[in-house]
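Working through the structure, step by step
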Amino acid sequence: MEALDLARWQFGVTTVYHFLFVPLTIGLGVFVAGLQTAWHRTGKEHYLTLTKFFGKLFLINFAMGVVTGIVQEFQFGMNWSEYSVFVGDVFGAPLALEALLAFFLESTFLGLWIFGWDRLPKRVHLACLWIAVIGSNLSAYFILAANAWMKHPVGYEVVDGKARMTDLWAVLTNSTALAQVPHVVGASFVVAGVFVLAVSGYRILKDRDAKGLLPRKADFATPEERSRKNPDMWRTSLRGALVMTAIAGVVVAGSGDLSGQLLREQQPMKLAAAEGLRQDTAGAPFSPVPGVEIPYLLSLLAAHDPNAVVQGVDDIQERFEAQFGPGDYTPNLPVVFWSFRVMIMLGSAAIGLSVLGLWLTRGRGRRARNVPTWFAKACVLALPLPVLAMIAGWLLSEIGRQPWTVAGELLTAASVSPGVTTTEIAISLALFTVLYGLLALAEAGLILRHVKAGPEVTAPDSDSDSDKTVLIPRQLQAESRPTLMY
Amino acid sequence: MTTFWFIVIAFLWTGYFVLEGFDFGVGALLPLLARGPAERRQVLGTIGPVWDGNEVWLISAIGAMFAAFPAWYSGFLSEFYLAMVLVVVGLILRGVGLEWRGKVRSGTEAALCDAGVVTGSVLVAFLWGAIFGNLLFGTGLATVLGGALSLSLAVLHGAVFVSLKTEGAVRARARLAALLASAGALPVAIAGLSALPSGADSVPLWVTAGAAMAALAAGVALVWRRREGWAFAATATAIALATASLFGALYPAPLPGLTVAEMASAPYTLTVLTWIGLVALPGVIAYQSWTYWVFRKRLTRV
């Protein structure tokens with residue numbers, strides 16, 4: 001393997017890994033803020049219980065998103081110095097904006113939220129969380145604007161072999177970005193929504209007794225016990241997540257449709273590769289699986305016109321050779337073809353589950369016993385679906401962009417750092433892979449443990465090193481733990 | 001405009017070293033200052049609400065270098081490839097350790113988190129000094145001396161911060177740690193800082209480097225006299241002035257043979273960045289200051 005291949009593998013591995021955590025940060029943050037808002041508005045105790053429970057899961061995950069994000073920012077310079085020099089004038093701006101306008105908000109106000117439970121007025125404390133999650137979502141916008149520019153560069157000119165920004169507004173309102181931001185952010189809310197569904201489904205299943213019955217309010221001895229173990233609150237979080245997932249699903253589908261149309265104009269090679277279409281075709285068909293063709297569907301999807309021409313891989317290759325000189329301008333076709341299908345199928349399955357759930361749990365009393373057992377199980381099993389769909393979407397988007405880093409301007413092969421040796425990249429790739437693998441296991445174990453334990457005392461040992469989210473009355477909390485919540 | 005952006009980037013690095021300096025020091029000193037779980041919580045509680053926001057100063061400094069001086073950003077990061085790998089690994093270990101230690105079981109798991117915090121803090125605090133020392137002088141001695149300088153300053157700064165932010169036994173130990181750290185930090189700082197102004201036009205550099213040494217000495221004296229707030233201000237000033245001297249020595253060629261003018265983005269980019277920075281940075285400083293005000297109370301053992 002050459003340095004270029006290793007550098008690409010490292011970017012792929014670290015980026016996909018980073019994006020396992022980011023969607024959950026984006027979507028779950030808003031969900032937790034919604035729960036806390038509900039508590040603030042209604043004063044109902046179970047909203048607070050849910051806020052703290054999902055808040056803890058959110059924070060375990062947030063840590064991983066942050067630390068793996070640093071690798072991303074460093075990596076452009078470390079491994080892709082030629083790329084960085086070429087694009088920095090344009091691409092650096094949204095990255096700098098992301099840090100200045102989004103990351104500062106996110107990190108500072110999340111710190112205030114974590115440690116501010118007993119320090120800040122309730123209203124201000126809630127506002128801190130909202131500001132932090134707005135920061136997270138804002139950061140998604142900036143980084144996706146930067147990413148969109150690689151696929152559809154706008155607002156620039158090339159001077160002395162470097163891209164020069166001529167219009168920041170054009171970069172930030174790139175049509176590709178405006179379609180991609182709702183698509184990715186919406187998908188993040190689907191990921192987070194299904195995560196909450198899986199957790200809620202698990203808790204509902206777990207709280208049933210041997211006969212499959214849930215405890216009733218009268219079964220609890222004290223009001224505290226009731227507020228901790230009340231299974232009906234999981235119906236609340238389940239319903240909330242269903243609504244969030246379904247709405248996000250509509251956004252994902254709509255923006256996906258828009259992205260498809262933009263692909264036809266802006267990135268014809270990616271669209272052709274996604275279908276494996278070899279020749280320019282009017283009324284192009286779509287194959288859900290190889291061998292099955294639905295006539296006209298691809299043209300219909302990509303242009304909203306069954307007879308529209310969709311360009312084919314071989315014809316585009318010829319045109320690119322005429323335009324850019326000899327070379328291979330075709331991305332890895334099987335990967336792009338299959339990731340497109342995996343994205344659509346698994347993504348649709350996740351969204352379909354939420355619509356089905358909304359129907360099943362409609363207006364039958366606000367009780368967990370009205371959630372069918374099989375549906376709760378389906379929610380648990382659905383956990384990986386949107387995550388895999390998300391990964392597949394990124395593979396489609398970024399492998400489909402090859403062989404370019406900046407479409408039509410800079411080849412990936414010309415982007416890599418010339419001074420960094422194969423050995424160096426092998427070391428860093430091995431180090432990141434091992435470290436990331438261990439941390440992924442730790443995070444999964446940690447989340448699983450907290451989900452299993454539920455919103456109760458997590459550590460029985462009173463002299464333990466861990467901070468406990470014991471749901472003791474607030475005034476007691478304030479006395480015993482004045483400074484260190486969580 | 002390029003000089004102005006060089007100063008902005010120097011300012012972001014200064015903010016990073018001053019703020020994360022004490023985060024690293026606190027992390028590095030954890031096993032020495034705290035006996036038992038309650039004290040460990042107390043020590044790390046001093047940086048708990050703020051360390052993540054402090055780290056964003058680095059993200060911003062690097063991001064601003066990318067946008068304003070792409071060749072500086074890419075040359076700096078790719079030249080020191082393996083060192084940068086270790087920096088991010090250190091930051092990962094420290095960040096995960098700090099965030100997870102309150103959510104894991106006591107005993108082995110908490111100890112692992114603490115090990116991550118200590119390792120990450122020491123590693124990254126050493127590496128930044130080593131990287132900049134090597135960048136300026138290119139010798140092994142400068143690398144080690146630079147690393148020792150940044151690590152010892154961070155430890156001193158962190159010890160003073162803990163003594164300012166805690167009560168009881170930890171506070172007393174932090175004061176002792178600060179005095180011991182200054183025995184290392186002072187000579188290293190004098191050696192390191194006096195090496196910086198080696199160029200011809202070095203009078204302003206001598207002044208800044210000299211002022212940094214004076215602030216450091218004042219900090220040590222104030223620790224001795226138990227004026228913790230003023231001591232913290234002095235060590236913060238020392239680190240700020242030392243960073244200013246560093247960037248003064250890097251100007252106008254922060255990479256060997258490449259000047260800021262040659263590496264800069266076009267005027268349009270720098271202009272829009274300036275406007276955005278002028279709006280955003282004062283806000284950042286305001287709300288981060290507010291955070292420190294919210295968590296201004298000393299922490300007791302709980």
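Residues numbered from 1 in each chain as written. Chains lettered and ligands numbered in written order. Predicted model: local features only at pLDDT ≥ 70, side-chain atom pairs only at ≥ 80, totals over all residues. Heavy atoms only, no water.

**Some details on the nonpolar core**
- Counting residues in each nonpolar core, the largest one holds 237 residues, and the members touching the most others are A:Phe54, A:Phe74, B:Trp13, B:Phe76 and B:Trp128.
- Dropping the residues within four chain positions of it, B:Trp13 is found in contact with B:Leu58, B:Ala61, B:Ile62, B:Met65, B:Phe76, B:Trp128, B:Phe132, B:Thr243 and B:Phe247.
- By size, the runner-up hydrophobic cluster in this structure holds 23 residues, among which are A:Leu263, A:Ala272, A:Leu277 and A:Met343. (Core = buried A, V, L, I, M, F, W, Y, C linked by side-chain atoms within 4.5 Å. Buried < 20%, exposed > 50% of the residue type's maximum accessible area, 1.4 Å probe, protein only. Contact = heavy atoms within 4.5 Å.)

**Observations concerning the interface of chain B and chain A**
- On the side of chain A, 80 residues touch chain B, which itself brings 70 residues to the contact.
- It is B:Tyr81, B:Trp100 and B:Lys103 that lose the most area in chain B upon contact with chain A, and together they represent 13% of the buried surface on that side.
- At the surface where chain B touches chain A, the tally comes to 1 salt bridge.
- A salt bridge links B:Glu109 to A:Arg449, with the shortest nitrogen-to-oxygen separation between them at 2.6 Å.
- Our count for the contact surface shared by chain B and chain A stands at 15 residue pairs in polar contact (both at pLDDT 80 or more).
- Breaking the side of chain B that touches chain A down by element, the ones donating at least two residues are helix 2 (37-45), helix 3 (51-68), helix 4 (70-79), helix 5 (81-100), helix 6 (108-137) and helix 12 (267-294) of chain B.
- Broken down by class, the residue content of the side of chain B that touches chain A amounts to 43 nonpolar, 15 polar and 12 charged. (Buried area = accessible area lost by both parts, 1.4 Å probe. Salt bridge = Lys/Arg side-chain N within 4 Å of Asp/Glu carboxyl O. Polar contact = N/O pair within 3.5 Å; in protein donor to acceptor, adjacent residues only side chain to side chain. Helix = DSSP H or I, 4+ residues; strand = E, 2+ residues; numbered from the N terminus. Nonpolar A, V, L, I, M, F, W, Y, C, P; charged D, E, K, R; others polar.)

**Digging into the pattern of salt bridges**
- Here the structure, examined in full by the defined rule, presents 13 salt bridges over all chains.
- One salt bridge in this structure joins B:Arg101 and B:Asp114, with 2.7 Å as the shortest N-O distance. Of the two residues, B:Arg101 is situated in the loop between helix 5 and helix 6 and B:Asp114 in helix 6; the sequence distance between them amounts to 13 residues. Like B:Asp114, B:Arg101 is buried.
- Residues joined in a network through salt bridges with shared partners are A:Lys151, A:Glu398 and A:Arg401.

**Section: the environment of B:Arg296**
Residue and element names in this part refer to chain B.
- Considering the arrangement of structural elements, one finds Arg 296 in the segment after helix 12.
- Given a relative accessible area of 46%, Arg 296 falls into the partly exposed group.
- For the pair Arg 296 and Lys 165, spaced 131 residues apart in the sequence, the C-alpha separation amounts to 7.7 Å.
- A distance of 2.7 Å separates a polar side-chain atom of Arg 296 from the backbone oxygen of Trp 293.

**Here we look at the pairing of strand 2 (residues 162-165) of chain A**
Residues and elements named next belong to chain A.
- Across the two faces of strand 2 the burial differs, with Ala 163 and Met 165 buried and Lys 162 and Arg 164 not buried at all.
- Summarising the sheet, strand 1 (residues 156-159) and strand 2 pair through 4 bridges and their orientation is antiparallel. Across the sheet, the residue bridging to Tyr 156 is Met 165, located in strand 2.
- Connecting strand 1 to the antiparallel partner strand 2 that follows it, the hairpin turn spans 2 residues, and Asp 160 within it adopts a positive phi of roughly 50°. (Pairing = 2+ DSSP bridges.)

**Details of unusual backbone geometry**
- Following A:Gln402, the chain continues into A:Pro403 via a peptide bond in cis, with omega recorded as 5°.
- Here B:Tyr251 and B:Pro252 are connected by a cis peptide whose omega angle stands at 0°.
- Along the chain, the position of B:Pro252 falls in the loop between helix 10 (228-250) and helix 11 (260-263).
- Within the chain, A:Asp160 stands out as a residue other than glycine whose phi angle is a positive 50°.

**Observations concerning the confidence of the model for chain B**
- Confidence along chain B averages 90 in pLDDT terms, with 98% of residues attaining 70 or more.
- The least confident element of chain B, judged by mean pLDDT, is helix 11 of chain B at 85; the most confident is helix 5 of chain B at 94. (pLDDT = per-residue confidence, 0-100.)

**Considering the packing of aromatic side chains**
Residues and elements named next belong to chain B.
- All told, the structure shown has 56 aromatic pairs over all chains when counted by the stated rule.
- Here the aromatic rings of Trp 128 and Phe 132 are separated by 6.4 Å at their centres, their planes lie at 35°, and the arrangement is tilted. With Trp 128 and Phe 132 both in helix 6 and 4 residues apart, this pair spans about one turn of that helix.
- In this structure, Arg 296 is placed above the aromatic ring of Trp 293, and the distance from its NZ or CZ to the ring centre is 4.0 Å. (Phe/Tyr/Trp six-rings, centres within 6.5 Å; stacked < 30°, edge-to-face > 60°. Lys NZ or Arg CZ within 6 Å of the ring centre and 35° of its normal.)

**Some details on the packing of helix 9 (residues 268-275) of chain A against helix 12 (residues 333-360) of chain A**
Residues and elements named next belong to chain A.
- At their nearest, the axes of helix 9 and helix 12 sit 7 Å apart, and the two run at 80° to each other. Taken together, helix 9 and helix 12 sit at an angle that is classed as roughly perpendicular. Across the interface between the two elements, Lys 270, Ala 273, Ala 274 and Glu 275 of helix 9 pack against Leu 333, Val 336, Phe 337, Phe 340 and Arg 341 of helix 12.
- Residues of the contact of helix 9 with helix 12, tallied by class, amount to 6 nonpolar, no polar and 3 charged. (Axes fitted to C-alpha atoms, helices over the stretch in contact; angles between N-to-C directions. Parallel < 35°, antiparallel > 145°, perpendicular 65-115°, else oblique.)

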